[in-house]
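A structural walkthrough
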Amino acid sequence: MTLPLTDILAILPELIVVGAACLILVLDPITSAARKEWLAWIGLGALAACVGVTVSQMGVTVMAFSDLVIVDPYAGFWKLLLYVVSGLTILLSLAYLKEEAMHLAEYYGFLLLSLAGMMVMVSAADLLTIYLGTELMSLSLYILAGIKRTEGRSLEASAKYFVLGAFSSGILLYGISLLFGITGSTKLSAIASAIHGRSLDDPLLLLAMILLVVGFGFKIAAVPFHMWTPDVYEGSPTSVTAFMAVASKAASFGAFMRVFLEGLGGLKANWHGLFLIVCIATLVLGNVVAIVQTNIKRMLAYSSIAHAGYALIGVVVAGHATASIEIRSLGLSSVMLYLAIYAFMTLGAFAVVALLRKGGVEGEDIEDYTGLAKRQPVAAFLMLVFMVSLAGIPPTAGFIGKFYLFMGAVRAGLTWLAVVALLLAAVSAYYYLRVVMVMYMREPDASVTGQPRLAASPALAIVLACALAGVVLCGLYPNPLVALTQQAILALK
Amino acid sequence: MIPLSAYVAVSAILFATGLIGVLVRRNFIIVLMSVEIMLNAANINLVAFSHYLESMAGQIVALFVIAIAAGEAAVGLAIIIVVFRGKLSTNVDEMNLLKW
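Criteria and thresholds
- Residues numbered from 1 in each chain as written.
- Chains lettered and ligands numbered in written order.
- Predicted model: local features only at pLDDT ≥ 70, side-chain atom pairs only at ≥ 80, totals over all residues.
- Helix = DSSP H or I, 4+ residues; strand = E, 2+ residues; numbered from the N terminus.
- Rg over C-alpha atoms; globule rule 2.2 N^0.38 Å.
- Buried ≥ 20, exposed ≤ 12 C-beta atoms within 10 Å, placed from the backbone.
- Contact = placed C-beta atoms within 7 Å.
- Nonpolar A, V, L, I, M, F, W, Y, C, P; charged D, E, K, R; others polar.
- Axes fitted to C-alpha atoms, helices over the stretch in contact; angles between N-to-C directions.
- Left-handed = near helix turned anticlockwise from the far one by under 90°.
- Core = buried A, V, L, I, M, F, W, Y, C linked by C-beta atoms within 7 Å.
- Parallel < 35°, antiparallel > 145°, perpendicular 65-115°, else oblique.
- pLDDT = per-residue confidence, 0-100.

A few words now on the overall build of chain B. If you tally the helices and strands in chain B, you get three helices and zero strands. Counted from the first residue to the last, chain B has its helices and strands arranged as α-α-α. The C-alpha radius of gyration computed for chain B amounts to 17 Å, which surpasses the reference 13 Å derived for 100 residues by more than 25%, pointing to a less compact arrangement than a globule. Counting only C-alpha atoms, chain B reaches 50 × 25 × 25 Å along its principal axes. Out of the 100 residues in chain B, the part that is buried amounts to 32%. Contacts in chain B between residues at least 24 apart in sequence constitute 46% of all its contacts with a sequence separation of at least 6.

Quick look at the structure:
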């Protein structure tokens, strides 16, 4: 048996990323501690090559490896987003790991392996590849969460993430096995045609669907499957938290929407109501519980749960049974737009948290930000921009993202859902702007003498500049990104 | 010939065992074993369906799952060892540094 070259070319970006990860893991032991950073640049080089390959693959649709893998504009969009996020995370980690005195090049190897898993997820056309991608992503993230081996919190985050992650993968797999029994295939296209002729009330089919919802619900951190998120986000190293909050959520949404809109699209009358309930529960719990948090990473964890709720509005619109294809496509593209914008603002916020880390003590409590505007005006201003954007206040990108989601909901006849989400966005402004208030309105504590030491470095400056540029430019001139998402959507049936 | 429903029933019982094990047991190692039982319940389903549907796809998926389960056990046990070094315990309830 030979492998056709076209198949190899289709997965070239994945091969480059895995190759770079293996190279880093092999070179790690023979590299002196002072030169470990060079290995991170191998990863960045690989990502640059992948951007080139994926851009050249945009616009065509190729199926590879007996329809296990699909390379289409939808997958291309998510991959480009994942490259940007991973590149920024590597730069953020360069600064953060140095500050933490962790000279571990395998960190970058696992980061790239996790990225490879996410890339497989978003370009999977078969439940088998989706499962494999999910596991590759998760197993690497379990290790990354606990990479600070000397700190109890990091280990505890890793252990909790592992238990709940493995549990959810087990549920997902059982759902896949039932779906295989019902439809006779694991290919999404074959599942779609097998479901087409069946009654929607088949209890086994409903059970399989619910198990898939639970499995994916854990990965995107939707209520009631969110309980791992705050602990894991708080305990993990900040650079890993940023990567988990952004990249794994984007990849999970990418795979989730392909499975439900393409494979289980025939069941949308069944899952539409379920997602509506999950969406509202996620919005309410995420936004309300975030109010009482005192640790900024924990607050951002609940905020990321809330943002998953906003993105689910778009999924609900895309799965609306009576709305026209045009409106449903708007729902789908607005999810992609929202997650791209969410990536910039959340990465930026976590980069500021990493920046404010003071020697020995994490600058993690919101109280630590008291009077920051007087002491570190630039850092305070950056945090202000990211918080305003997360709250969805114009002219930042967060407003544009929410605007498209709410517009989709209103046009699909779900005006009440848009109103509920808008009210909860007002609630969210309370806890985002509280950080701003603490920074700008309060005087610095007199007992704190001298300037706090900023963990500033050129790499971190690049990350913050990119995140700031993303948030401001997408807020003022969103057309290119909107056009990109509209070209890259799935063909809805 | 053993009917398909018998296999699916065994698989459902195993899955329920694993599910309850994860939720009820407090020892990290037993939780890990329960997760592995859940994966194997899915494997039984896949192989049984594969046989009755006369399609090899299910058996191929099961082979991949076995490989993944081995990787998952390796990572899980590694995490358990590092946690045990710090706490001298594998009890899930003693992991209580992070809470709100």
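So, on to the overall build of chain A. Across its full length, chain A carries 20 helices and two strands. For 493 residues, the compact-globule estimate of 2.2 N^0.38 gives 23 Å, and chain A sits close to it at 22 Å. Oriented by its inertia axes, the alpha-carbon framework of chain A measures out at about 70 × 55 × 40 Å. Relative to its full complement of 493 residues, chain A shows a buried share of 61%. The contacts in chain A between residues at least 6 apart in sequence include a share of 79% that link residues at least 24 apart.

This brings us to the interface of chain A and chain B. Listed by partner, the interface residues are 36 residues for chain A and 33 residues for chain B. Elements represented by at least two residues in the side of chain A that touches chain B include exactly helix 6 (127-145), helix 7 (152-183) and helix 10 (228-235) of chain A. With 19 residues, the top contributor of residues to the side of chain A that touches chain B is helix 7 of chain A. Its residues assigned to classes, the side of chain A that touches chain B shows 17 nonpolar, 11 polar and eight charged.

Our focus in this paragraph is helix 10 of chain A. All names here are of chain A. Along helix 10, eight of the eight residues are buried, which leaves the element largely enclosed by surrounding structure. Looking at helix 10, one finds that the buried residues are Trp228, Thr229, Pro230, Asp231, Val232, Tyr233, Glu234 and Gly235. At its buried positions, helix 10 is contacted by helix 6, helix 7, helix 11 (238-263) and helix 13 (296-318).

This paragraph deals with the packing of helix 7 of chain A against helix 10 of chain A. All names here are of chain A. For the pair helix 7 and helix 10, interaxial distance at closest approach is 8 Å and the crossing angle is 145 degrees. Regarding helix 7 and helix 10, the two cross each other, and that crossing is left-handed. Contacts from Arg153, Ser154, Glu156, Ala157, Lys160, Tyr161 and Leu164 in helix 7 reach Trp228, Asp231, Val232 and Gly235 in helix 10. Residues that form the contact of helix 7 with helix 10 fall into these classes: five nonpolar, two polar and four charged.

Another point: unusual backbone geometry. Residues and elements named next belong to chain A. Residue proline 224 is bonded to the preceding valine 223 through a cis peptide linkage, with omega at 5 degrees. That bond from proline 394 to proline 395 is cis: its omega, 5 degrees, falls within 30 degrees of zero. Looking at the element boundaries, proline 395 is found in the loop between helix 16 (377-391) and helix 17 (397-411). Positive phi values are uncommon outside glycine, yet serine 66 reaches one of about 40 degrees. Secondary-structure assignment places serine 66 in the loop between strand 1 (62-64) and strand 2 (69-71). For serine 66, a count of 11 C-beta atoms within 10 Å gives the class exposed. A positive phi is found at alanine 221, a non-glycine position, where the angle reads about 60 degrees. By the element assignment, alanine 221 lies in the loop between helix 9 (203-220) and helix 10.

Take the nonpolar core next. Core analysis: the biggest nonpolar cluster contains 224 residues, and Val17, Leu82, Leu112 and Ala351 of chain A have the highest contact counts within it. Residues in contact with leucine 112 of chain A, not counting those within four places in the same chain, are Val17, Ala20, Ala21, Ile24, Gly43 and Ala46 of chain A.

Here helix 7 of chain A crosses helix 3 (residues 57-87) of chain B at 165 degrees, and the two axes come no closer than 10 Å. Comparing their axes, helix 3 of chain B and helix 7 of chain A come out roughly antiparallel. Note that helix 7 of chain A runs across helix 3 of chain B; the crossing there is left-handed. For the pair helix 7 of chain A and helix 3 of chain B, contact is made by Gly152, Leu155, Ser158, Ala159, Phe162, Ala166, Leu173 and Phe180 of chain A and by Gly58, Val65, Glu72, Val75, Gly76, Ile79, Val82, Val83 and Gly86 of chain B, respectively. Among the residues making up the contact of helix 7 of chain A with helix 3 of chain B, the classes are represented as 11 nonpolar, five polar and one charged.

This brings us to the environment of alanine 222 of chain A. All names here are of chain A. Within the element layout of this structure, alanine 222 appears in the loop between helix 9 and helix 10. Taking the number of C-beta atoms within 10 Å as the measure of exposure, alanine 222 has 29 and is therefore buried. Measuring from C-alpha to C-alpha, the distance between alanine 222 and valine 278 comes to 6.9 Å, with 56 residues separating the pair along the chain. If we ignore the near neighbours within four places in the chain, the residues touching alanine 222 are Gly217, Val278, Thr282, Ala308 and Leu312.

The next point concerns the environment of leucine 264 of chain A. All names here are of chain A. Tracing the backbone shows leucine 264 in the loop between helix 11 and helix 12 (268-290). A residue is classified by how many C-beta atoms lie within 10 Å of it, and leucine 264, with 22 of them, is buried. If we ignore the near neighbours within four places in the chain, the residues touching leucine 264 are Ile195, Met209, Val259 and Trp271.

Right, let's get into the environment of aspartate 231 of chain A. Mapping aspartate 231 of chain A onto the fold places it in helix 10. Put simply, aspartate 231 of chain A and valine 69 of chain A are 162 residues apart on the chain and 34 Å apart in space, counted from C-alpha to C-alpha.

It is worth spelling out the confidence of the model for chain B at this point. Scored by pLDDT, chain B has a mean of 91; 98% of the residues are at 70 or more. We note a pTM of 0.95 for the whole complex and an ipTM of 0.96 for its interfaces.

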